[in-house]
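Residues per chain, in single letters:
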Amino acid sequence: MKHVDEELLNELYSKMQYQRIKPKTIVDYIREPFIYDMGNIRITFDSDIRTGINSTELFNFHLPTIAHDSGDNKNIIILEVKFDEFLS
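Here is what the cut-offs are and how they apply
For every chain, the first residue of the written sequence is number 1, and numbering continues from 1 onward in sequence order. Side-chain atom pairs in this predicted model are given and counted only at pLDDT of 80 or more, local residue features only at pLDDT of at least 70, and totals for whole chains, interfaces and linings cover all residues. Values shown for side chains rest on all heavy atoms present in the structure; no hydrogens or waters enter the calculation. We define a salt bridge as a side-chain nitrogen of Lys or Arg found within 4 Å of a carboxyl oxygen belonging to Asp or Glu. Comment: elements are numbered from the N terminus, with helices defined as DSSP H or I runs of at least four residues and strands as E runs of at least two. Under the scheme applied here, a residue whose accessible area is under 20% of the maximum for its type counts as buried, over 50% as exposed, and between as partly exposed, the area being computed with a 1.4 Å probe on protein chains only. Whether two residues touch is decided by their heavy atoms; if any such pair falls within 4.5 Å, the residues are in contact. To estimate the expected span of a helix, subtract one from its residue number and multiply by 1.5 Å. Residues form patches when they are more than 30% accessible in relative terms and have no salt bridge. Like charges link within 9 Å. Nonpolar side chains (Val, Leu, Ile, Met, Phe, Trp, Tyr) link within 5 Å. Computed with a 1.4 Å probe, the accessible areas rest on the Shrake-Rupley method; for each residue, only the protein chains presented here act as cover. Each residue carries a pLDDT score, the predictor's own confidence in it, on a scale running from 0 to 100. Each Phe, Tyr or Trp ring, with Trp reduced to its six-membered ring, pairs with another whose centre is within 6.5 Å; inter-plane angles below 30 degrees give stacked pairs, above 60 give edge-to-face pairs, and intermediate values give tilted ones.

(A) Just the pattern of salt bridges, in detail. Counting across every chain of the model gives 6 salt bridges. In this structure, the salt-bridge partner of R31 is E80, at a minimum N-O distance of 3.6 Å. With R31 in strand β1 (residues 27–36) and E80 in strand β4 (residues 78–82), this residue pair connects regions lying 49 residues apart in the sequence. Classification of E80 as partly exposed rests on a relative accessible area of 29%. Across the pair K82 and E80 runs a salt bridge whose closest N-O atoms are separated by 3.9 Å. Relative accessible area serves as the criterion here: at 42%, K82 is assigned to the partly exposed category.

(B) Representation of the environment of T65 in the model. With respect to the helices and strands, the residue T65 is situated in the loop between β2 (41–51) and β3 (66–67). C-alpha separation for the pair T65 and R50, spaced 15 residues apart in sequence, amounts to 5.9 Å. When near neighbours in sequence (up to four residues on either side) are disregarded, T65 contacts D28, R50, T51 and G52.

(C) A look at helix α1 (residues 7–18). Along its 12 residues, α1 runs 16 Å from first to last C-alpha, staying within 8% of the 16 Å computed at 1.5 Å per residue. Looking at the residues trailing α1, positive phi occurs at R20, about 60°.

(D) Looking closely at the side chain of T44. Among the secondary structure elements, T44 is positioned in strand β2. On the basis of relative accessibility, which here comes to 10%, the residue T44 falls in the buried class. With residues near it in sequence (within four places) discarded, T44 still touches R31, E32, P33, I78, L79 and E80.

(E) Just a nonpolar patch on the surface, in detail. A grouping of F34, F45, I77, L79, V81 and F83 is seen on the molecular surface, where their side chains present a nonpolar patch of about 550 Å² in accessible area. Relative to the helices and strands, V81 is located in strand β4.

(F) View of the confidence of the model for the protein. Put simply, the protein has an average pLDDT of 85, and 90% of its residues get 70 or more. Across the protein, the element-wise mean pLDDT spans from 85 in β3 up to 94 in β4.

(G) Quick peek at the packing of aromatic side chains. Taken as a whole and judged by the stated rule, the model has 1 aromatic pair. Centroid distance F34 to F45: 6.0 Å. Interplanar angle 80°. Geometry classified as edge-to-face. Here the residue F34 occupies a position in strand β1, and F45 occupies one in strand β2, the gap between them amounting to 11 residues.

Below, the structure written as structure tokens:
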């Protein structure tokens with residue numbers, strides 16, 4: 001990340017180096033996004049939530065993950081709504 005010419009990655013690298021921030025756990029999921037331009041409304045549905053258990057290798061695309069064990073709720077879907085303007 002140190003030599004990548006992308007502002008966001010440079011900022012993340014700096015914070016990881018100088019503020020000692022680091023990932024606690026890796027979470028992987030399938031995201032279905034929907035965008036409504038009026039009010040910049042963003043709705044996402046996240047499913048197949050998985051974790052990398054004890055690994056924090058943020059950029060390891062071959063990281064083994066396991067499904068979140070949620071007891072009887074095997075088909076959990078997380079709904080997230082974000083918006084910039086007032087919703088009436």
